[in-house]
Amino acid sequence: MHTMSVQTDSDYDASEQEAADTDAHTCTSIEKDDAFHILQNSRRRAVLRYLLDHEEEERFVMRDLAEEVAAWEHDTTVQQLVSDERQRVYIALYQSHLPKLDDHDVIEYNQSRGVVEPTELIEVFEPYLAEGLHTDTDLAVDGTDTHEESGERSEGRFTDTVSSLFKR
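Below you will find a few notes about this structure. (Residues numbered from 1 in each chain as written. Predicted model: local features only at pLDDT ≥ 70, side-chain atom pairs only at ≥ 80, totals over all residues. Heavy atoms only, no water.)

## Examining the nonpolar core
Applicable threshold: To form a nonpolar core, buried Ala, Val, Leu, Ile, Met, Phe, Trp, Tyr and Cys residues must be joined to one another through side-chain atoms within 4.5 Å. Only protein chains enter the accessibility calculation, which uses a 1.4 Å probe; a residue whose area is less than 20% of its type maximum is buried, one above 50% is exposed, and one in between is partly exposed. The helix count covers DSSP runs of H or I at least four residues long, the strand count covers runs of E at least two residues long, and both are numbered beginning at the N terminus. By the convention used here, residues are in contact when the closest approach between their heavy atoms is within 4.5 Å.
Residues Leu-48, Leu-98, Val-106, Val-116 and Phe-125 are the most contacted members of the largest nonpolar core, which totals 34 residues. Secondary structure elements with two or more residues in this core: α2 (32–39), α3 (42–53), α4 (62–73), α5 (83–103), β2 (107–110) and α6 (126–129). Per element, the largest residue contribution to this core is seven residues, and it comes from α4. Excluding residues within four positions of it along the chain, Val-116 makes contact with Leu-51, Glu-58, Arg-59, Phe-60, Met-62, Leu-65, Leu-98, Ile-107, Glu-108 and Tyr-109.

## Quick look at the environment of Ser-112
Quick note on the threshold: The term polar contact refers here to a pair of N or O atoms within 3.5 Å; inside protein, the definition further demands a hydrogen-donor-capable atom paired with an acceptor-capable atom, and it admits residues adjacent in sequence only when both atoms are side-chain atoms.
As for its position among the elements, Ser-112 is in the loop between β2 and β3 (115–118). For Ser-112, a relative accessible area of 73% gives the class exposed. Remark: the alpha-carbon pair of Ser-112 and Tyr-94, spanning 18 residues in sequence, is separated by 10.0 Å. A distance of 2.9 Å separates polar atoms of two side chains, one belonging to Ser-112 and the other to Asn-110.

## Comments concerning α4
Our working definition: The length a helix should cover is 1.5 Å for every residue beyond the first.
Taking 1.5 Å per residue as the helical rise, α4 with its twelve residues ought to reach 16 Å, and the 16 Å between its terminal C-alpha atoms agrees with that figure. Burial in α4 covers these residues: Met-62, Leu-65, Ala-66, Glu-67, Val-69, Ala-70, Ala-71 and Trp-72. At the exit of α4 stands Asp-75, carrying a positive phi of roughly 50°.

## Some remarks on the environment of Val-69
When you line up the elements, Val-69 lands in helix α4. The exposure class assigned to Val-69 is buried, which follows from its relative accessible area of 1%. Val-69 sits 24 residues away from Arg-45 along the chain, and the two C-alpha atoms are 9.6 Å apart. Discounting chain neighbours no more than four positions away, the residues touching Val-69 are Arg-43, Ala-46, Val-47, Val-89 and Leu-93.

## Regarding the sheet that holds β2
Let me state the cut-off plainly: At least two bridges found by DSSP between two strands is the condition for calling them paired. Here an angle of 0 to 180 degrees is reported between the N-to-C directions of two axes, which are lines fitted to C-alpha atoms, with helices fitted over the stretch in contact.
Spatial ordering of the open sheet is given by β1-β3-β2, a layout of three strands whose pairing is antiparallel. Looking along the sheet, the strands with just one partner apiece sit at the ends: β1 (60–61) and β2. Pairing analysis gives two bridges linking β1 to β3, with the strands arranged antiparallel. Within the sheet, the bridge partner assigned to Phe-60 lies in β3 and is Val-116. Packing of α5 onto the sheet brings it into contact with β2 and β3, and relative to β2 it is tilted by some 135°.

## Notes on the packing of aromatic side chains
Under the convention used in this document: Stacked, tilted and edge-to-face are the three classes applied to pairs of Phe, Tyr and Trp rings, where Trp contributes its six-membered ring and a pair requires centres within 6.5 Å; stacked means planes under 30 degrees apart, edge-to-face means over 60, and tilted covers the rest. Criterion for a charge above a ring: Arg CZ or Lys NZ at most 6 Å from the ring centre, at most 35 degrees from the ring normal.
Under the counting rule described, the total for this entry stands at three aromatic pairs. Judged by centre distance (6.0 Å) and plane angle (65°), the ring pair of Tyr-50 and Phe-60 falls under edge-to-face. Linking Tyr-50 in helix α3 with Phe-60 in strand β1, this pair joins segments that are ten residues apart in sequence. The burial state of Tyr-50 is the same as that of Phe-60; both residues are buried. When the ring centre of Tyr-90 is taken as origin, the NZ or CZ atom of Arg-63, which lies over that ring, is 4.7 Å away.

Take a look at the structure:
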């Protein structure tokens, strides 16, 4: 026998609202323009690289994440960072980059607690960031992909990577 109950506003508590909000934000795809916009910024790429490189962790402290990105930007270690270097990156991540990643469901960002949790959607970015956290190399067309007879150049591995990313 199946019973149905009606829940009143007074029965509905904050924890149930949080669970409903989390379920509503679960997303497994992203529009191409949004993905490219996210990848456009080196700090967002560094955040994504770091999260992907540490996929065994489920939750990250935002301050630690900011320090890792700052160390990468300044080509140094976290221990050798100066306060200004940490602060500039922390503020940019706090105010702009992490909220943007959260808005696109790539991460769950609890700004008041300073906690970042990657979502399944972060895996979409892996082909672009497979080189690792400390790699920011230029893209180049592979010389073997050139069609000399027709005078046209192949779009190369970059286009293949882009195409495969969005076929999922």
